[in-house]
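Summary of the model geometry
Chain by chain, the residues run as shown.
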Amino acid sequence: MEIFICEDDKKQKERITKYIKDYIMIEELDMRVALSTDNPDEIIEYVQSNNINGLYFLDVDLKHEKSGIVLGAEIRKYDSRGSIVFVTTHSELTYLTFLYKVEALDYIIKDDFTDIQKRVIDCIKTANERYMSNQNETKKRFQIKSGDKVISEEYSNILFFETSPKLHKIVMHTDQRQVEFYGKLKEIEELDDCFYRCHNSFVVNIENIANIDKKTREITMENGEVCFASSRYMKELNNLLK
């Protein structure tokens, strides 16, 4: 899950960002801070360009033509299931979220710094639980436990898996990240028909292949990344793509 902070007070923004990053690191959550900014247009641009189900911490009173609540309403156009948290010194403005039809996960009042940290962490927990529940219900996901961390990714986002230089480890390549974990390619190729063993060192998601160079046996994925096929697997791979 991706997390966004929009706050025009520099110290407050840094404080909230630190709370979030520290908690993600300590709990080893499969989350990241995608943007921490004072410009709401940056968040809208990012959400428009990516398929997001995010968690948003928005200052209500931004020094911008868009208020945090207007920003929340725009986010809803592109991320209908995202979790939006308003951070404000103006609790009396919360009624505007109903006017703009922005369903909020929480309203955090800035007065008490100790309370802010606890409330931010509570919001992360709740948003993560909802996200995992929704994703498990609607889309196929690759999930594996790696130490104390659970790696979770939609099949549709996975480009390919490859063996790691580290013994018994595999690297998962997605359109957003690379993740290393203990596993076997044989087990992965048996998960779903979209995963095909194209090489001793690669299992590719055939649904995300852009093209194949038959001479070099290079497989170019939709994001431009490249993996390889061996000659023994090329014929079957071409048949699958037909």
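Our subject is the structure listed above.
Quick summary incoming for the structure in this document. Note that the structure is predicted; figures quoted are calculated from it, not measured. (Residues numbered from 1 in each chain as written. Predicted model: local features only at pLDDT ≥ 70, side-chain atom pairs only at ≥ 80, totals over all residues. Heavy atoms only, no water.)

Overall, the coordinates contain 15 salt bridges when judged by the stated rule. The shortest N-O distance in the salt bridge between Glu153 and Arg177 comes to 2.9 Å. One end of the pair, Glu153, is in strand E7 (residues 149–154); the other, Arg177, is in the loop between strand E9 (169–174) and strand E10 (178–182), and 24 residues separate them in sequence. The salt bridge partner of Glu180 is Lys166, with a shortest N-O separation of 3.3 Å. Here Lys166 lies in the loop between strand E8 (158–163) and E9 and Glu180 lies in strand E10, a separation of 14 residues in the sequence. Shared partners join several salt bridges into a network, and the residues in it are Asp30, Glu153 and Arg177. (Salt bridge = Lys/Arg side-chain N within 4 Å of Asp/Glu carboxyl O. Helix = DSSP H or I, 4+ residues; strand = E, 2+ residues; numbered from the N terminus.)

Residues Ile20, Leu55, Phe57, Ile108, Val120 and Ile124 are the most contacted members of the largest nonpolar core, which totals 24 residues. Of all the elements in the fold, those that place two or more residues in this core are strand E1 (2–6), helix H1 (10–27), strand E3 (55–59), strand E4 (83–88) and helix H5 (113–138). Of all the elements, H5 adds the most residues to this core, at seven residues. (Core = buried A, V, L, I, M, F, W, Y, C linked by side-chain atoms within 4.5 Å. Buried < 20%, exposed > 50% of the residue type's maximum accessible area, 1.4 Å probe, protein only.)

Before going further, it helps to spend a moment on the sheet that holds strand E15 (residues 226–228). The strand order E13-E14-E15 describes an open sheet built from three strands, whose pairing is antiparallel. The open sheet has two free edges, formed respectively by strand E13 (209–213) and E15, since each of these has just one partner strand. Geometrically, the sheet is characterised by an average inter-axis angle of 25° between neighbouring strands, direction not taken into account. Summarising the sheet, E13 and strand E14 (residues 218–221) pair through four bridges and their orientation is antiparallel. (Pairing = 2+ DSSP bridges. Axes fitted to C-alpha atoms, helices over the stretch in contact; angles between N-to-C directions.)

Turning to the environment of Asn223, a few remarks are in order. Checked against the element boundaries, Asn223 lands in the loop between E14 and E15. Residue classification places Asn223 among the partly exposed residues on the basis of a relative accessible area of 37%. Between the C-alpha atoms of Asn223 and Asp175, which are 48 residues apart in sequence, the distance is 6.5 Å. The residues contacting Asn223, other than those within four sequence positions of it, are Leu159, Thr174 and Asp175. (Contact = heavy atoms within 4.5 Å.)

A few words on helix H2 (residues 40–49). Among the residues of H2, Pro40, Ile43, Ile44, Tyr46 and Val47 are the ones counted as buried. Projected down its long axis, H2 shows its buried positions confined to an angular sector of 165°, all on one face. In H2, the exposed positions angled more than 90 degrees off the buried face are occupied by Glu45 and Ser49. Tucked into the core, H2 has its buried residues touching E1, strand E2 (32–37), E3 and helix H3 (68–78). The N-terminus of H2 is capped by Asn39, whose side-chain oxygen sits 3.0 Å from the backbone nitrogen of Asp41. (Arc of directions from axis to C-beta. Polar contact = N/O pair within 3.5 Å; in protein donor to acceptor, adjacent residues only side chain to side chain.)

The phi dihedral of Glu28 falls on the positive side, at around 50°, and the residue is not glycine. Along the chain, the position of Glu28 falls in the loop between H1 and E2.

Once that is clear, we can look at the packing of aromatic side chains. Ring pairs (aromatic) are described by centroid distance and by the angle formed between their planes. Overall, the coordinates contain eleven aromatic pairs when judged by the stated rule. Arranged with centres 5.0 Å apart and planes meeting at 65°, the rings of Tyr155 and Phe195 form a pair that is edge-to-face. Here the residue Tyr155 occupies a position in the loop between E7 and E8, and Phe195 occupies one in strand E11 (residues 195–199), the gap between them amounting to 40 residues. Residue Tyr155 is classed as buried on the basis of its relative accessible area, which comes to 12%. (Phe/Tyr/Trp six-rings, centres within 6.5 Å; stacked < 30°, edge-to-face > 60°.)

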